[in-house]
Amino acid sequence: MVVVKLTSSTPSTRTQRVMANILQCRQLMDNSSKNHPRNLIPELCQKLYYANGSENGWLCGGRGGLSIKYNDYIFVTPSGVQMERLKPDDIFILNLEGEEFIVPSPEKKLIKSQSTTIFISAFNERNAEAVIHVLSVGAVELCMVNPGNEVKITYSKTIKGIFNEQTRQFYKKNEEIIIPIIENAKYEKDLVGTFKMALKNYPSTSAVLVRNHGIYVWGCDWKLAKKQLECYENLFQDEISKRINKFN
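Predicted model, so just to flag it, every value in this text is computed and none were measured.

(A) Representation of the pairing of strand S10 (residues 176-182) in the model. With 5 of its 7 residues buried, S10 lies for the most part within the structure. Of the pairings in the sheet, the one linking strand S7 (residues 150-154) to S10 comprises 5 bridges and is antiparallel in character. Counterpart to glutamate 150 in the pairing with S10 is proline 180. Pairing of S10 with strand S11 (residues 207-210), which is carried by 2 bridges, proceeds in the parallel orientation. Pairing of isoleucine 182 across the sheet is with valine 210, part of S11. Remark: the S10/helix H5 (residues 192-201)/S11 crossover connection has right-handed handedness.

In structure tokens, the structure reads:
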């Protein structure tokens, strides 16, 4: 069971709004396709939970999450749940203004991801179609050995999997990528300001690192977002090894 909410973006009269919502719901809840966000998101969450071939990978402890934009609506994971057991009816559906349109049954006592405001910022500022937020060990460790507000990496084959949002091309292995680092906050909603500033100051980046926390990655679709996440993690592990070996 899900709950449908009337939103201000639907037609003015209550009858019109109800009818419009019914039509929209039929499309948004039609998850017969495996690529429909309500099916795809639980599948991706399970894969990210078991990242690196083990449990407690990138979506552990009910933290992290992801969002996919579909037909002018945003599908968002809930917060504080066992991501590897997520079900289609656990997904929140919001309009582009961030208003809740379809929500899980109240009996489930779920709340939408605390990263929702960050997801919406990436959708609006970068015209992304999918955003992934994970608590990657590589992202955390790289920030620990890099006290500055950015990370520079070059000369790696894995760089070819990273998309330059400014040139609209993938990087060449001899090019340098720069990933901004923002400081963590008590609540993720408090990261919105620095997140948007990072997007402005680093127009090429497709990711933002959050110190002592993790990484946000986005793309023009979920496939690119996932691919880049995997490439970034490989880059981070290689860079950490280089820096450690440099001092040994």
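(B) Examining the packing of helix H3 (residues 116-126) against H5 more closely. Packing of H3 against H5 brings their axes to within 10 Å, and their N-to-C directions diverge by 25°. When the axes of H3 and H5 are compared, the pair comes out roughly parallel. Viewed along their axes, H3 and H5 form a crossing whose handedness is right-handed. Between H3, through Thr117, Ile118, Ser121, Ala122, Glu125 and Arg126, and H5, the contact on the second element is made entirely by Val192, Phe195, Lys196 and Leu199. In the contact of H3 with H5, the residues fall into 5 nonpolar, 2 polar and 3 charged.

(C) Molecular detail of the packing of aromatic side chains. Summed over all chains, the structure comprises 8 aromatic pairs. When the ring of tyrosine 49 is compared with that of tyrosine 50, the centres are 4.9 Å apart and the planes differ by 85°; the resulting orientation is edge-to-face. Seen from their ring centres, phenylalanine 119 and tyrosine 216 are 6.3 Å apart, and the 70° between their planes marks the pair as edge-to-face. Of the two residues, phenylalanine 119 sits in helix H3 while tyrosine 216 sits in strand S12 (residues 214-219), which places them 97 residues apart along the sequence. Residue classification places phenylalanine 119 among the buried residues on the basis of a relative accessible area of 0%. Here the aromatic residues Phe119, Phe195, Tyr216 and Trp218 are joined through ring pairs into a cluster of three or more. Of note, lysine 189 hangs over the ring of tyrosine 187, and the distance from its end group to the ring centre comes to 5.8 Å. Sitting above the plane of the phenylalanine 170 ring, lysine 227 keeps its charged end 4.8 Å from the centroid.

(D) Spotlight on the environment of tyrosine 187. Mapped onto the elements of the fold, tyrosine 187 is located in the loop between S10 and H5. Take tyrosine 187: its relative accessible area is 41%, and that puts it in the partly exposed class. Counting along the chain gives 73 residues from tyrosine 187 to glutamine 114, while the straight-line C-alpha distance between them is 7.8 Å.

(E) Region of interest: the nonpolar core. Leu209, Ile215, Tyr232 and Phe236 are the most contacted members of the largest nonpolar core, which has 45 residues in total. A per-element tally of this core places helix H6 (residues 222-246) first, with 7 residues. If we skip the residues at most four places from it in the chain, tyrosine 232 touches Ile162, Ile177, Ile179, Thr205, Ser206, Ala207, Ile215 and Val217. Residues Val76, Phe123, Ile182 and Tyr216 belong to the second largest nonpolar core, which totals 22 residues.

(F) Looking closely at H5. By the burial criterion, the buried members of H5 are Val192, Phe195, Ala198 and Leu199. Projected down its long axis, H5 carries its buried residues within an arc of 125°, all on one side. Set apart from the buried face of H5 by more than 90 degrees, the exposed residues are Gly193 and Lys200. On the buried face of H5, the contacting elements are H3, S10, S11 and S12.

(G) Spatial organisation of helix H2 (residues 37-49). Its 13 residues place the ends of H2 18 Å apart at the C-alpha level, agreeing with the 18 Å of an ideal helix rising 1.5 Å per residue. Regarding H2, the residues found buried are Pro37, Arg38, Leu40, Ile41, Pro42, Leu44, Cys45, Leu48 and Tyr49.

(H) Structural detail: unusual backbone geometry. Positive phi, close to 55°, is recorded for asparagine 127, a residue that is not glycine. Tracing the backbone shows asparagine 127 in the loop between H3 and strand S6 (130-134). Although it is not a glycine, asparagine 212 adopts a positive phi angle of roughly 60°. Summarising the element assignment, asparagine 212 is placed in the loop between S11 and S12.

Rules used in this analysis
Residues numbered from 1 in each chain as written. Predicted model: local features only at pLDDT ≥ 70, side-chain atom pairs only at ≥ 80, totals over all residues. Heavy atoms only, no water. Buried < 20%, exposed > 50% of the residue type's maximum accessible area, 1.4 Å probe, protein only. Helix = DSSP H or I, 4+ residues; strand = E, 2+ residues; numbered from the N terminus. Pairing = 2+ DSSP bridges. Right-handed = clockwise from strand over helix to strand, strands pointing away. Axes fitted to C-alpha atoms, helices over the stretch in contact; angles between N-to-C directions. Parallel < 35°, antiparallel > 145°, perpendicular 65-115°, else oblique. Left-handed = near helix turned anticlockwise from the far one by under 90°. Contact = heavy atoms within 4.5 Å. Nonpolar A, V, L, I, M, F, W, Y, C, P; charged D, E, K, R; others polar. Phe/Tyr/Trp six-rings, centres within 6.5 Å; stacked < 30°, edge-to-face > 60°. Lys NZ or Arg CZ within 6 Å of the ring centre and 35° of its normal. Core = buried A, V, L, I, M, F, W, Y, C linked by side-chain atoms within 4.5 Å. Arc of directions from axis to C-beta. Expected span 1.5 Å × (residues − 1).

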